[in-house]
There are 2 protein chains.
Amino acid sequence: MKCHSYTDFFSNLANESNIKIIESLKTGPKNVTKISNETEIEQSATSHRLKKLVNCNVLNVERKGKERIYSLNKETITPILKLVDEHVHKKCKTCWIKEKEN
Amino acid sequence: MKCHSYTDFFSNLANESNIKIIESLKTGPKNVTKISNETEIEQSATSHRLKKLVNCNVLNVERKGKERIYSLNKETITPILKLVDEHVHKKCKTCWIKEKEN
DNA sequence: ATTTCATATGAATTTGGAATCATATGTTAT
DNA sequence: ATAACATATGATTCCAAATTCATATGAAAT
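For every chain, the first residue of the written sequence is number 1, and numbering continues from 1 onward in sequence order. As a convention, the first chain written is A and the first ligand written is 1, with the rest following in written order. Local features in a predicted model are, by the rule used here, given only for residues with pLDDT of at least 70; side-chain atom pairs are given and counted only at 80 or more, and totals for whole chains, interfaces and linings are based on all residues. Side-chain numbers come from the whole structure's heavy atoms, not from hydrogens or water.

Peer 1: Just to check I follow, could you spell out the packing of aromatic side chains for this structure?
Peer 2: Remark: the centre distance and the inter-plane angle together describe each pair of aromatic rings, the angle taken between the planes. Only Phe, Tyr and Trp rings are paired, with Trp represented by its six-membered ring, and only when their centres lie within 6.5 Å; those with planes under 30 degrees apart are stacked, over 60 edge-to-face, the remainder tilted. Tallying each qualifying case throughout the model produces three aromatic pairs over all chains. Among the aromatic residues, ring-to-ring pairing joins Phe9 and Phe10 of chain A together with Phe9 and Phe10 of chain B into one connected group.

Here it is, written out as C-alpha cells:
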C-alpha cells in the first residue's frame, strides 16, 4: 500500500490522470470535487488516484469540514518536476518529451 | 511507436525490468546477451524492453559484427537520473524512494 | 552451403493496474 | 432524525502492456 520503490514512485508520473491532477494542483490546494471537475476525471476515479498519490507522498491531505483539501507536497514532487522540466527545456531540443499541450 | 509524451517517458522508469537494464548499463555499454545475463531477464524479453528504451531515446544502439551494443544515452537519461538521485539524497530523509538494494 | 551464435520479431497469453459501478462513511444543515 | 452534500471504498470489469513462446533474420565461422 505504501510507496516502496523507485518504480512505484515513477508509476505515478507515468499515468495521464495523475499528471492531470498534479497539473491541476499547481495552481493551489483543492478539494476532490474541484479536482474532479477541472481534470474531468470522475469522482470515484479521482479519489482512487488521490489515494495513491498520497501514499507515495506526492500529495498532502487535510480535512476541512466535510471536504478534503489536497495539495502538492512541495518537499518531494515539486523539486523533481522542476528539475525534470528544466532538463527538458535545456537538454532536449529535438525533444522526445512533448510539451504539455494547453 | 516513438516516445511522444511525458507519461510515455516516465513509464520507462516505472518498470522494474527497464530499471534493471539501466542499472546494468551504468557500468558501461553491453550487448544483449550480457544484459540479459546480468539482469536475469530472458533474451526475448530483453530485446523487447531494449527496443522501447531506444524508442524513447533512453538508450543508444550500435552494431558490432553480429552483436548489438547498447549504451545509456548520456544526453537524456543520465542527467535526469542524476538529478533525481541527488534529490533523493538531499531532500528525502524519511525516504519514500527506497535506495536500490545491492 | 551449412552450422552456430546473436538478436529481433510477431502472436498468444498473462497480468497488474485503472476505470467503472454500486454503495458505504462521514459531515453539516434543517 | 433526516436529508443533502462530499468523499471513500470494495468489487467487478476492462484494457494495455509485459512475458512468454516459437520462429525468423542476420552475421561470422567452418
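Now that the structure has been shown, the text picks up again.
Peer 1: What is the right way to read the sheet that holds strand S1 (residues 30-31) of chain B from this model?
Peer 2: Two modes of strand pairing occur in sheets, parallel and antiparallel, and in both the strands are linked by backbone hydrogen bonds. Residues and elements named next belong to chain B. Read from one edge to the other, the open sheet built from three strands follows the order S1-S3-S2, with strand pairing classed as antiparallel. At either margin of the open sheet sits one strand with a lone partner, and together these are S1 and strand S2 (59-64). When DSSP locates at least two bridges between a pair of strands, those strands are taken to pair. Each helix is a run of H or I in the DSSP string that is no shorter than four residues. Each strand is a run of E no shorter than two, and both are numbered from the N terminus. Bridge count for S2 against strand S3 (residues 67-72) is six bridges, and the pairing is antiparallel. Its bridge partner lying in S3, Glu62 is registered against Ile69. By the convention used here, residues are in contact when the closest approach between their heavy atoms is within 4.5 Å. Under this scheme, a helix contributes an axis fitted over its contacting stretch, all axes are lines through C-alpha atoms, and angles between N-to-C directions fall in the 0 to 180 degree range. Sheet contacts for helix H2 (residues 16-25): S1, S2 and S3; angle to S3, the most-contacted strand, approximately 90 degrees.

Peer 1: I'm lost on the protein's contact with DNA strand C in this one. Help?
Peer 2: Near DNA strand C lie 23 residues; those nearest to it are Ser44 of chain A together with Thr33, Ser44, Ser47 and Tyr70 of chain B. Being near a molecule or strand, for a residue, comes down to having at least one heavy atom within 4 Å of it. Near-protein atoms of DNA strand C (within 4 Å) split between backbone and bases, with sugar and phosphate holding 64%. Pairs of N or O atoms are called polar contacts if they sit within 3.5 Å, as long as, within protein, a hydrogen donor faces a hydrogen acceptor (for residues adjacent in sequence, only side-chain-to-side-chain pairs). Here a base oxygen of DNA strand C and a side-chain polar atom of His48 of chain B are 2.8 Å apart. Counting residues per element, the ones that place at least two in the surface near DNA strand C are helix H4 (43-55) of chain A together with helix H3 (32-39), helix H4 (43-55) and S3 of chain B. Under the grouping applied here, Gly and all other residues not named as nonpolar or charged are polar, the nonpolar ones being Ala, Val, Leu, Ile, Met, Phe, Trp, Tyr, Cys and Pro and the charged ones Asp, Glu, Lys and Arg. Residue composition of the surface near DNA strand C, grouped by class: three nonpolar, eleven polar and nine charged.

Peer 1: Whenever I open this one, the pattern of salt bridges confuses me. Can you help?
Peer 2: Pairs may arise between side chains of opposite charge once their charged atoms sit close together. Residues and elements named next belong to chain A. What makes a salt bridge here is a side-chain nitrogen of Lys or Arg within 4 Å of a carboxyl oxygen of Asp or Glu, nothing more. Within the structure shown, the criterion is met by four salt bridges over all chains. Note that Glu38 and Lys30 form a salt bridge whose closest N and O atoms lie 3.7 Å from each other. The classification of residues rests on relative accessible area computed with a 1.4 Å probe and restricted to protein chains. Under 20% of the type maximum is buried, over 50% is exposed, and intermediate values are partly exposed. Using a relative accessible area of 42% as the deciding quantity, one classes Glu38 as partly exposed.

Peer 1: Mind showing me how you'd approach the confidence of the model for chain A here?
Peer 2: On average, residues of chain A score 82 in pLDDT, and 76% of them are at 70 or above. Note on residues 91-102 of chain A: pLDDT under 50 across the span, and 22 contacts to partners over four residues away in sequence or across chains. What pLDDT conveys is the predictor's confidence in a given residue, as a value from 0 to 100.

Peer 1: How should the nonpolar core be read in this particular structure?
Peer 2: One broad trend across soluble globular proteins is that nonpolar side chains are buried collectively. Ranked by size, the top nonpolar core spans 43 residues in total, and within it Leu13 and Leu59 of chain A together with Leu13 and Leu59 of chain B carry the most contacts. Filtering out sequence-adjacent residues up to four positions away, Leu13 of chain A remains in contact with Ile19, Ile22, Ile77 and Leu81 of chain A together with Thr7 and Phe10 of chain B. Here, nonpolar core refers to any group of buried Ala, Val, Leu, Ile, Met, Phe, Trp, Tyr and Cys residues whose side-chain atoms link them within 4.5 Å.

Peer 1: I keep staring at the pairing of S3 of chain B and nothing clicks. Help me out?
Peer 2: For a regular strand, side-chain orientation follows a simple rule: the groups alternate between the two sheet faces. Residue and element names in this part refer to chain B. Taken together, the two bridges between S1 and S3 define a ladder with antiparallel strand orientation. Considered in S3, the bridge of Lys30 is made with Tyr70. Hairpin connection from S2 to S3: two residues lie between these consecutive antiparallel strands, with Gly65 at a positive phi of about 65 degrees.

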